[in-house]
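Okay, here's what each chain looks like letter by letter:
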Amino acid sequence: MSDHISKEVTPEVGEGPYYKTGSPQRNNVIGKGTNGEKLTVTGHVLDTLGNPVNGAWLDFWQADGNGEYDNIGYNLRGHQFTDITGTYRLETVIPAMYGTRTPHIHVKLRATSLTLIITSQLFFPDQARNKTDPIFNPKLVMAVTGSPGNTQASFDFVLNI
Ligand code: FE
């Protein structure tokens, strides 16, 4: 996978007010009665040479289809580790906007327990609020395909390790 061209490290953006430690380890963060259209997010965690990072930790949290976070339990919150190909997979729902925020998925990740945690967010293409949300970063926009109810998004993270 290495192409000898240094890849740009994934930019960090703010954590926001809704992170909770202690999320369950799981790929599917959809709870019973979770509001929102199904979304699958997949991708890799890579180093700056493009090599996959095995066992990278990713902790996702997000709003539901009404723009609401679960601040009591762990609905739409979960952590996971990449496999030997550096792949992660998140089964979730499409988050709605809230307040001034364009739709986004929060994530913290790190390559190993000895490396720094990166805090970032993933965004969706073609959202009107991408133009006005001051936190939005075009380098953090996922590639989105599929149809309503079966939406697929992809994004590769690059860590400086
Ligand atoms: Fe948020």
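Residues numbered from 1 in each chain as written. Predicted model: local features only at pLDDT ≥ 70, side-chain atom pairs only at ≥ 80, totals over all residues. Heavy atoms only, no water.

## Quick notes on the coordination of the iron ion
Taken together, the protein donors to the iron ion comprise Tyr69 (OH), Tyr98 (OH), His104 (NE2) and His106 (NE2), at separations of 1.9 to 2.1 Å. If you list the donors of the iron ion from N- to C-terminus, the spacing comes out as Y-x28-Y-x5-H-x1-H. Of the residues examined, His106 reaches a relative accessible area of 2% and is grouped as buried. (Donors = N, O, S within 2.8 Å, 3.2 Å for Na, K, Ca; no water. Buried < 20%, exposed > 50% of the residue type's maximum accessible area, 1.4 Å probe, protein only.)

## Concerning the environment of Phe123
Inspection of the secondary structure assignment puts Phe123 in strand S6 (residues 118-123). In this structure Phe123 touches Arg101, Thr102, Pro103, His104, Ile135, Phe136, Asn137, Leu140, Val141 and Met142, once residues within four positions along its chain are discounted. (Helix = DSSP H or I, 4+ residues; strand = E, 2+ residues; numbered from the N terminus. Contact = heavy atoms within 4.5 Å.)

## Things to note about the side chain of Arg101
With respect to the secondary-structure elements, Arg101 resides in the loop between strand S4 (87-93) and strand S5 (104-110). Among the residues examined, Arg101 registers a relative accessible area of 7% and is labelled buried. Looking at Arg101, its side chain comes within polar contact range of the side chain of His104, at 3.3 Å. Once you skip the residues sitting within four places of it in the chain, Arg101 turns out to touch Gln121, Phe123, Arg129, Asp133 and Ile135. (Polar contact = N/O pair within 3.5 Å; in protein donor to acceptor, adjacent residues only side chain to side chain.)

## Some remarks on the packing of aromatic side chains
Summed over the entire model, instances satisfying the criterion amount to 8 aromatic pairs. When the centroid spacing of 5.6 Å and the interplanar angle of 50° are considered together, the rings of Tyr88 and Phe157 count as tilted. With Tyr88 in strand S4 and Phe157 in strand S9 (residues 157-159), this pair connects stretches of sequence that are 69 residues apart. You'll find Tyr88 and Phe157 in the same group, each marked buried. Ring geometry for Phe155 versus Phe157: centroids 5.0 Å apart, planes at 65°, classification edge-to-face. Taking relative accessible area as the criterion, Phe155 reaches 10% and is therefore assigned buried. Here the aromatic residues Phe60, Tyr88, Phe155 and Phe157 are joined through ring pairs into a cluster of three or more. The ring of Tyr19 carries Lys108 above its face, with NZ or CZ at 4.9 Å from the centroid. (Phe/Tyr/Trp six-rings, centres within 6.5 Å; stacked < 30°, edge-to-face > 60°. Lys NZ or Arg CZ within 6 Å of the ring centre and 35° of its normal.)

## Quick notes on the pattern of salt bridges
Evaluation of the coordinates by the stated rule reveals 5 salt bridges. Taking the shortest distance from any N to any O, the salt bridge between Glu8 and Lys139 comes out at 2.8 Å. With a gap of 131 residues between them, Glu8 in the segment before strand S1 (38-47) and Lys139 in the loop between S6 and strand S7 (143-147) connect regions that are remote in the sequence. Taking the shortest distance from any N to any O, the salt bridge between Glu91 and Arg89 comes out at 3.1 Å. Linked by salt bridges that have partners in common, Lys38, Arg89 and Glu91 make up one network. (Salt bridge = Lys/Arg side-chain N within 4 Å of Asp/Glu carboxyl O.)

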